Amino acid sequence: MAEQSQKLVADGRVRLVVDYGVTDGCTYHCRVTVPVLYKSAEDFVVDFEAWCQANRTAHELKFAGVSFNPDNFFEEGVYYGPDVMTVDEWFASAE
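The present account deals with the structure reproduced in this document. (Residues numbered from 1 in each chain as written. Predicted model: local features only at pLDDT ≥ 70, side-chain atom pairs only at ≥ 80, totals over all residues. Heavy atoms only, no water.)

Structural notes on the sheet that holds strand 1 (residues 14-23)
Using the following cut-off: Should DSSP find at least two bridges between two strands, the strands are regarded as paired. Under the scheme used here, helices are H or I runs from DSSP no shorter than 4 residues and strands are E runs no shorter than 2 residues, and both carry numbers assigned from the N terminus. Fitted lines through C-alpha atoms give the axes, limited to the stretch in contact for helices. The angle between two N-to-C directions lies from 0 to 180 degrees. Only heavy atoms matter for contacts: two residues are in contact if any of them lie within 4.5 Å across the pair.
In space, the 3 strands of this open sheet follow the order 2-1-7, with antiparallel pairing throughout. Each edge of the sheet is formed by a strand with only one pairing partner; in this case those strands are strand 2 (29-38) and strand 7 (83-86). Taken over all neighbouring pairs, the strand axes of this sheet differ in orientation by 25 degrees on average, direction set aside. Strand direction decides the pairing type here: strand 1 and strand 7, joined by 4 bridges, are antiparallel. Within strand 7, the residue paired with Asp19 across the bridge is Asp83. With respect to the sheet, helix 1 (residues 41-54) is in contact with strand 1, strand 2 and strand 7, its orientation differing from that of strand 2 by roughly 115 degrees.

Side note on the nonpolar core
The line we're drawing: As used in this record, nonpolar core signifies buried Ala, Val, Leu, Ile, Met, Phe, Trp, Tyr and Cys residues forming a set joined through side-chain atoms within 4.5 Å. Each residue's exposure class comes from its accessible area (1.4 Å probe, protein chains only) as a fraction of the maximum for that residue type: buried when under 20%, exposed when over 50%, partly exposed otherwise.
The biggest cluster of nonpolar side chains holds 20 residues, and the ones touching the most others in it are Leu16, Val18, Phe44, Phe48 and Phe68. Those elements giving two or more residues to this core turn out to be strand 1, strand 2, helix 1 and strand 4 (66-68). Beyond its immediate stretch of four places on either side in the chain, Val18 contacts Val32, Thr33, Val34, Val36, Phe44, Phe68, Pro82, Asp83 and Val84.

Take it as geometry only, folks, not as evidence of what the structure does.
Here's what the structure looks like:
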């Protein structure tokens, strides 16, 4: 991830886009994309996995100011993290 593509906001956090799938395990599946502010994409990935592991039985909690259901990131007990990218990377991926 290029350092120059990370646009910082006033308090030093980076504008990130978190993208993940939600499913009922049978018929329903959708992609969820949410914006977050965090120290860096790398820090978000590490901290988010630790948070999910510690709260995996919770229904919905806030992480980085956004509500997440930790169960959405586990399948048969295995953690599958979200895609995390800067806003610039997200827009570039759409081109």
